[in-house]
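Given next are the chains, with one letter for each unit.
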Amino acid sequence: MKLWVDGALRDAGEARISVLDHGLTVGDGVFETAKAEHGRAFALTLHLERLTRSARGLGLPDPDHDEIRHACAAVLDANPVDLGRLRITYTGGISPLGSDRGTAGPTLVVALGAAARRPDTTAAITVPWVRNERGALTGLKSTSYAENVVALARAAEHGASEALFANTRGLLCEGTGSNVFVVVGGELLTPPISSGALAGITRALTVEWTGATETDLPFDVLERADEIFLTSSLRDVQAVHRIDGRELPGAPGPVTAKAVRIFEERAAADPDPRLP
């Protein structure tokens, strides 16, 4: 594998960043994960726009989109895979051993890993921890991801691939790396960004393409929803067949199946879609 690290392609065994990089010492960084198929990243423009929003939220300089596009193309060309996870990481760079940021400038890393096709359905659990919808990092795709690591490990212990959070108000929020949609009475619903959920790229496209309604939802809607599905760059639209101990027979249900079909068709027609 070859990675892009600060201006050049490097072999994985030789790719290095400093142990004093602020992304390592205090999690001062942002990232994006895009789906890559046959040498092309899906929705790269939307991912770069969100990377910039996240960087600004942390007070980092705006990333250079042209440089990142060049880095992504180089990495994709050097690592041919049918399906992959393209990871763009942008950190505060070499800094003192504390929360104050140094002056060396940001670090940019682009890497690609092979990925497997996701199954049509999956299991999820709920966790007792909450998202803080008023936190300093709310809405930013930050490298401070340990909370998600802990929750996802809990999910794995219960035979699930995702863990779902409420926010501090007891409203449905999101998963560790996905957004969540529910079907209640035939209506397709998803929590608004004001819930503290990350503004997922796949989420936004699904809302735009299916006409889903964004609305506050009590956390216990998961106990009575007729259908549940998750969205993310690598999942696309994925049905949930079990939430905690409750089975959802027949998953994917009709609304979810329609969302899957719409997303597949629209994504195939335009690999770099825009949003209004």
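Refer to the structure presented above.
What you see is a predicted model; the values in this text were computed from it and never measured.

Conventions we followed
Residues numbered from 1 in each chain as written. Predicted model: local features only at pLDDT ≥ 70, side-chain atom pairs only at ≥ 80, totals over all residues. Heavy atoms only, no water. Helix = DSSP H or I, 4+ residues; strand = E, 2+ residues; numbered from the N terminus. Expected span 1.5 Å × (residues − 1). Buried < 20%, exposed > 50% of the residue type's maximum accessible area, 1.4 Å probe, protein only. Contact = heavy atoms within 4.5 Å. Pairing = 2+ DSSP bridges. Axes fitted to C-alpha atoms, helices over the stretch in contact; angles between N-to-C directions. Polar contact = N/O pair within 3.5 Å; in protein donor to acceptor, adjacent residues only side chain to side chain. Core = buried A, V, L, I, M, F, W, Y, C linked by side-chain atoms within 4.5 Å. Phe/Tyr/Trp six-rings, centres within 6.5 Å; stacked < 30°, edge-to-face > 60°.

Draft legend 1. How the structure looks around helix α6 (residues 254–269). When the terminal C-alpha atoms of α6 are compared, their 23 Å separation across 16 residues agrees well with the 22 Å that a helix rising 1.5 Å per residue should span. Where α6 is concerned, the buried positions are Thr-256, Ala-259, Val-260, Ile-262, Phe-263 and Ala-267. Those residues of α6 hidden inside the fold are in contact with α5 (201–210), β13 (227–232) and β14 (236–243).

Draft legend 2. Up close: unusual backbone geometry. Put simply, Ala-251 and Pro-252 share a cis peptide bond, and its omega is 0 degrees. Looking at where Pro-252 falls in the secondary structure, it is placed in the loop between β15 (246–247) and α6. Here the phi dihedral of Asp-6 falls at roughly 45 degrees; this positive angle occurs in a residue that is not glycine. Following the sequence through the fold, Asp-6 ends up in the loop between β1 (2–5) and β2 (8–11).

Draft legend 3. Examining the sheet that holds strand β6 (residues 107–114) more closely. Strand order in the open sheet made by the six strands is β2-β1-β6-β5-β3-β4, with antiparallel pairing throughout. Strands at the two margins of the open sheet, each flanked by one partner only, are β2 and β4 (40–41). Summarising the sheet, strand β3 (residues 29–37) and strand β5 (residues 83–91) pair through nine bridges and their orientation is antiparallel. By the bridge assignment for β5, Lys-35 is matched with Arg-85. Here helix α2 (residues 44–58) sits on the sheet and contacts β3, β4 and β5; the angle it forms with β3, its principal contact strand, is near 170 degrees.

Draft legend 4. View of the environment of Thr-213. Mapped onto the elements of the fold, Thr-213 is located in strand β12 (residues 213–214). The partly exposed category is assigned to Thr-213, whose relative accessible area is 31%. In sequence terms Thr-213 and Thr-25 are 188 residues apart; their C-alpha atoms lie 40 Å from each other. Setting aside residues no more than four positions away along its own chain, Thr-213 makes contact with Glu-187, Leu-188, Leu-189 and Thr-190. A polar contact is formed between the side chain of Thr-213 and the side chain of Glu-187, at a distance of 3.5 Å.

Draft legend 5. Seen up close, the nonpolar core. Formed by 24 residues in total, the largest nonpolar core has its most connected members in Leu-86, Ile-88 and Val-110. Of all the elements, helix α3 (residues 65–78) adds the most residues to this core, at six residues. Excluding residues that lie within four positions of it along the chain, Leu-86 makes contacts with Glu-32, Thr-33, Ala-34, Ala-36, Ala-41, Cys-72, Val-75, Leu-76, Val-110, Ala-111 and Leu-112. Formed by 18 residues, the second largest nonpolar core is a distinct cluster that contains Val-183, Leu-205, Phe-229 and Ala-267.

Draft legend 6. Highlighting the environment of Asp-244. Mapped onto the fold, Asp-244 is located in the loop between β14 and β15. A C-alpha to C-alpha distance of 37 Å links Asp-244 and Val-109, two positions 135 residues apart in sequence. Other than its neighbours up to four places away in sequence, Asp-244 contacts Ala-124, Ile-125 and Thr-126. Polar side-chain contacts of Asp-244 include one of 2.7 Å to the side chain of Thr-126.

Draft legend 7. Here's a closer look at the pairing of β1. Inspection of the sheet shows β1 paired to β2 by four bridges, in the antiparallel sense. Note that in β2 the partner of Leu-3 across the bridge is Arg-10. Between β1 and β2, which pair antiparallel in sequence order, lie two residues; one of them, Asp-6, sits at a positive phi of approximately 45 degrees. By the bridge criterion, two bridges tie β1 to β6 in an arrangement that is antiparallel. Bridging across to β6, Trp-4 finds its partner in Val-110.

Draft legend 8. Quick look at the packing of aromatic side chains. Under the criterion given, the structure shown has four aromatic pairs. Ring centres of Phe-31 and Tyr-145 lie 5.2 Å apart, and the angle between their planes is 85 degrees; this geometry places the pair in the edge-to-face category. Here Phe-31, found in strand β3, pairs with Tyr-145, found in the loop between β7 (121–131) and α4 (146–157); they are 114 residues apart in sequence, far enough to count as distant. With a centroid separation of 6.2 Å and an interplanar angle of 65 degrees, the aromatic rings of Phe-42 and Phe-263 are classed as edge-to-face. A residue pair is termed long-range when its members are at least 10 positions apart, and Phe-42 in the loop between β4 and α2 and Phe-263 in helix α6 qualify at 221 residues. On the basis of relative accessibility, which here comes to 11%, the residue Phe-42 falls in the buried class. Among the aromatic residues, those joined into a ring-pair cluster are Phe-42, Trp-209 and Phe-263.

Draft legend 9. Structural context of the side chain of Glu-162. Position of Glu-162 among the secondary structure elements: in strand β8 (residues 162–167). Within polar-contact distance, the side chain of Glu-162 engages the side chain of Ser-178 at 2.7 Å. Other than its neighbours up to four places away in sequence, Glu-162 contacts Ala-123, Ala-124, Ile-125, Leu-152, Ala-155, Gly-175, Thr-176, Gly-177, Ser-178, Leu-230 and Arg-235.

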